[in-house]
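Structure assessment
Here are the chains, one letter per residue:
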Amino acid sequence: MIRKLDELRQKWGFFTHEDVIERFIELYEGIKIERPYELLFTEPEIKTMKSKLSSLIESDIWSEVYAVSLYLDHTGAEYLAKLKKRGTQVKLLTRKPDKKEHRDAIEFLRKNNVEVKINNMVHARFIVFDEIAAIIMTADLDANGLDNQRQIGLYITDRATVKVCKTFFNRLWKEAEF
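Bear in mind that the values here come from a model prediction, so they are computed numbers and not experimental data.

Calculation criteria
Residues numbered from 1 in each chain as written. Predicted model: local features only at pLDDT ≥ 70, side-chain atom pairs only at ≥ 80, totals over all residues. Heavy atoms only, no water. Pairing = 2+ DSSP bridges. Helix = DSSP H or I, 4+ residues; strand = E, 2+ residues; numbered from the N terminus. Right-handed = clockwise from strand over helix to strand, strands pointing away. Buried < 20%, exposed > 50% of the residue type's maximum accessible area, 1.4 Å probe, protein only. Arc of directions from axis to C-beta. Axes fitted to C-alpha atoms, helices over the stretch in contact; angles between N-to-C directions. Contact = heavy atoms within 4.5 Å. Core = buried A, V, L, I, M, F, W, Y, C linked by side-chain atoms within 4.5 Å. Salt bridge = Lys/Arg side-chain N within 4 Å of Asp/Glu carboxyl O.

Some thoughts on the pairing of strand S4 (residues 115-118)
Strand direction decides the pairing type here: strand S3 (residues 89-94) and S4, joined by 4 bridges, are parallel. Bridge pairing in S4 places Leu-92 opposite Val-116. Taken together, S3, helix H5 (residues 100-111) and S4 form a β-α-β motif whose crossover is right-handed.

Following this line, the structure appears as C-alpha cells:
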C-alpha cells in the first residue's frame, strides 16, 4: 500500500502521502477543490512542469502567449512556434544568445514570425497565457530545464496575479531590443 501511495505521490507531483489520500477523498466525495495555483516539478521521475506546459500549448484557446526564458533550444522554440502556427500572438523575451542552440532557436522563431526581443537584465522565467494563466518557473524553455534538471514552478490561474505577470512582461518588453 505504501509503495502504491509513493508511486502516486511521485506521479501526481505531491510532497506527502497525505496529499494523495486527500485527493482520493476529494474524488470519492465528488468534491473538486479549485486551487488558484499548482506546484510543478522537473525531476527524473516527475515531469509535471513539462506536462502542464504541453497541455497548455496543445490547447487552441490562446490569443496571446508571452514568454520569458533566459535560454532556449529547439524544444522551447517548437512549443512557441506551434502556438504561432495556430494564430496565437507569441512574444519571447530572452537574453543575448551565447550558444549555437540558443541562436538557432531564436532564428527559427523569427522565421516563424514569433516576436523576439533581447533584454540582458532579465533573470525571470515565466509564461503568460492571455490573462487566464501563467507559469512562473526556475526552468528555461530547453530540454535540460524541462526534462533533466531539478526545477520547480508554479502554475497560476488567479486572474489578478496573472494580470500582474502580464504587466511585468510588458514593462520588460518595452526595455528590450530586437
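Text resumes after the structure shown.
Section: helix H3 (residues 48-58)
Think of an α-helix as turning once every 3.6 residues; residues three or four places apart then point the same way. Listed as buried for H3 are Thr-48, Met-49, Lys-52, Leu-53, Leu-56 and Ile-57. One side of H3 holds all its buried residues, which, seen down the axis, span an arc of 165°.

Some remarks on the sheet that holds strand S2 (residues 64-68)
One open sheet accounts for 7 strands, arranged S1-S7-S6-S5-S2-S3-S4; its pairing is mixed. Of all the strands in the sheet, just strand S1 (37-42) and S4 have a single pairing partner and so form its edges. Averaged over neighbouring strand pairs, the angle between their axes works out to 15° when direction is ignored. The sheet contact formed by strand S6 (residues 133-137) and strand S7 (residues 151-156) spans 4 bridges and is antiparallel. Among the inter-strand pairings, Met-137 is bridged to a residue of S7, identified as Gly-153. Taken strand by strand, H3 contacts S1, strand S5 (126-129), S6 and S7, and its axis lies near 120° from that of S1. Relative to the sheet, helix H7 (residues 159-175) contacts S2, S3, S4, S5, S6 and S7, its axis offset from that of S5 by approximately 115°.

Topic: the environment of Ala-105
One can find Ala-105 in helix H5. Look at Ala-105 and you get buried, because its relative accessible area is 1%. Once the C-alpha coordinates of Ala-105 and Ile-127 are considered, the two residues, 22 residues apart in sequence, prove to be 17 Å apart. Among all residues touching Ala-105, those that are not within four sequence positions of it are Leu-72, Asp-73, His-74 and Ala-77.

What to know about the nonpolar core
One broad trend across soluble globular proteins is that nonpolar side chains are buried collectively. Core analysis: the biggest nonpolar cluster contains 31 residues, and Leu-53, Leu-72, Leu-80, Leu-109, Ile-127, Phe-129 and Leu-141 have the highest contact counts within it. When contributions to this core are tallied by element, the ones reaching two or more residues are H3, S2, helix H4 (74-85), S3, H5, S4, S5 and S6. Here the element with the most residues in this core is H4; it accounts for 5 residues. What Ile-127 contacts, discounting residues up to four positions off in sequence, is Leu-53, Val-65, Tyr-66, Ala-67, Ala-133, Ala-134, Ile-135, Met-137 and Leu-141.

Section: the pattern of salt bridges
The full count for this structure, using the stated rule, is 10 salt bridges. A salt bridge links Lys-52 to Glu-38; the shortest N-O distance between them is 3.3 Å. Placement of Lys-52 in helix H3 and of Glu-38 in strand S1 is noted, with a sequence separation of 14 residues between them. Using a relative accessible area of 18% as the deciding quantity, one classes Lys-52 as buried. Through salt bridges with shared partners, one network takes in Arg-3, Lys-4 and Glu-7.

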